[in-house]
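# Coordinate inspection notes
Below are the chains, spelled out letter by letter.
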Amino acid sequence: MDVDLRKLRYFVAVADELHFGRAAERLHIAQPVLSRQIRALEHELGAQLFARTKRSTELTAAGRQLLDDARPLLSSAEALQRRVAQAARGPRTFTIGFMPGITVTPAVRAFEALRPDLEVEVLRTTTFDQVQVLYDGRADVSVVRLPVEQRGLSIRPLFEEPRLAMLPADHRLAGKPSLDIGDLADEHLMQHPDQVPEWRDIAVELRSSRSRRFSEMTSVEEKLEHVASGRGVSILPLSVARFYQRADVSAVPVNDIALNKVCLAWLASRRSRSIQEFAALAGTVDWTMTR
């Protein structure tokens, strides 16, 4: 059986919205058409994907499994289209993704000298898409900050760096030479707790009735705006803290948390000569010069 990618896109839209009407609007198609396409997909797969009532639409176990598998499949299809279109256009380009605070200029210049036949481009990423840009073809390689989902990736370590607590300038700990993560146990963290497991394991608010919602902010700028306003604290790598210095935020080293690991990542399935050459070159760059 061949899986229809259009039906998969329709399925993902409904799974995201859990509402056929909203999904139809998002897809710019009529709701009856969408419903027919989902029923056809269920028939082809031999499984019910949604449990529908008058009040709600929920994924079944089969639907949840399909959603897990559909996203990377659709990303791979998009990546294929991008690479084929790029090859047809010429000249060839090579795109490097990079996280905030990381300067890739030395590596870019060295690679341009090695491969003058390529147009080298850079793409700023975030915590949420630093790996996705590889799956969907927007980048050939990505300089990532661990942890990331490493399934299907090749990873090459580049460097490690300390992490700092970003505090309001008038905070009781601002200006100290360093602090322990235990000093922040009573604070609210302006990022997901899993990004700082040392704080998560001791956080008072996670074990009390006053626990607050954690916002998934996509940019460093957003985090620091909230920190400066006194709404919480954030833990950032040294290079990011230095790059985003501001007078109303104090950066204090944290003694007892793991170093942030920076790596080069690319799709293991890609056998590109350019990727292998860049990966080898990246291992020779003095990344400490970029921080």
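Keep in mind that what you see is a predicted model, and the values were worked out from it rather than measured.

This next bit is on the overall build of the protein. What the protein contains, in helices and strands, is 10 helices and 10 strands. In terms of principal-axis extent, the alpha carbons of the protein reach across some 65 × 60 × 25 Å. Across the 291 residues in the protein, those meeting the buried criterion constitute 46%. Counting contacts in the protein only where the partners sit at least 6 residues apart, residues at least 24 apart contribute 67% of the total. Here the protein displays about 15,400 Å² of accessible surface, and carbon together with sulfur accounts for 50% of that area. Within the protein, one finds 40 positive and 38 negative side-chain charges whose respective centroids are separated by 4 Å.

A separate point is the packing of aromatic side chains. Across all of its chains, the model carries 7 aromatic pairs by this definition. Relative to Phe50, the ring of Phe20 lies with its centre 5.8 Å away and its plane at 70°, an arrangement referred to as edge-to-face. Here Phe50 lies in strand β1 (residues 50–52) and Phe20 lies in helix α2 (residues 20–27), a separation of 30 residues in the sequence. Summarising the burial analysis for this pair, Phe20 and Phe50 share the class buried.

This brings us to the sheet that holds strand β7 (residues 163–168). The 3 strands are arranged β8-β7-β9 in an open sheet whose pairing can be described as antiparallel. Edge positions in the open sheet fall to β8 (234–237) and β9 (249–253), since each of these has one partner strand only. Between one strand axis and the next, the sheet turns by 35° as a mean value, whatever way the strands run. When β7 meets β8, the two strands line up antiparallel, connected through 4 bridges. In the strand pairing of β8, Leu164 is matched with Leu236. Packed on one face of the sheet, helix α8 (residues 220–228) meets β7, β8 and β9 and runs near 140° to β8.

Our next topic: the side chain of His188. For His188, the position within the fold is in the loop between β7 and α7 (197–200). The exposure class assigned to His188 is buried, which follows from its relative accessible area of 7%. A distance of 2.8 Å separates the side chain of His188 from the side chain of Glu205, its partner in a polar contact.

Sheet architecture is open: 5 strands sit in the order β4-β3-β5-β10-β6, paired in mixed fashion. In this open sheet, the two edge strands, each paired with only one partner strand, are β4 (119–124) and β6 (153–161). Direction aside, neighbouring strands of the sheet carry axes that sit 20° apart on average. As paired elements, strand β3 (residues 93–98) and β4 share 6 bridges and run parallel to each other. Paired with Thr93 across the two strands is Glu119, which belongs to β4. On top of the sheet, helix α5 (residues 105–114) reaches β3 and β4; it is set at about 160° to β4, its chief contact.

Parameters at a glance
- Residues numbered from 1 in each chain as written.
- Predicted model: local features only at pLDDT ≥ 70, side-chain atom pairs only at ≥ 80, totals over all residues.
- Heavy atoms only, no water.
- Helix = DSSP H or I, 4+ residues; strand = E, 2+ residues; numbered from the N terminus.
- Buried < 20%, exposed > 50% of the residue type's maximum accessible area, 1.4 Å probe, protein only.
- Contact = heavy atoms within 4.5 Å.
- Areas by Shrake-Rupley, 256 points an atom, 1.4 Å probe, with all protein chains shown as cover.
- Lys, Arg positive; Asp, Glu negative; His and termini not counted.
- Charge placed at Lys NZ, Arg CZ, Asp CG, Glu CD.
- Phe/Tyr/Trp six-rings, centres within 6.5 Å; stacked < 30°, edge-to-face > 60°.
- Pairing = 2+ DSSP bridges.
- Axes fitted to C-alpha atoms, helices over the stretch in contact; angles between N-to-C directions.
- Polar contact = N/O pair within 3.5 Å; in protein donor to acceptor, adjacent residues only side chain to side chain.

Nothing here speaks to function; it is all geometry.
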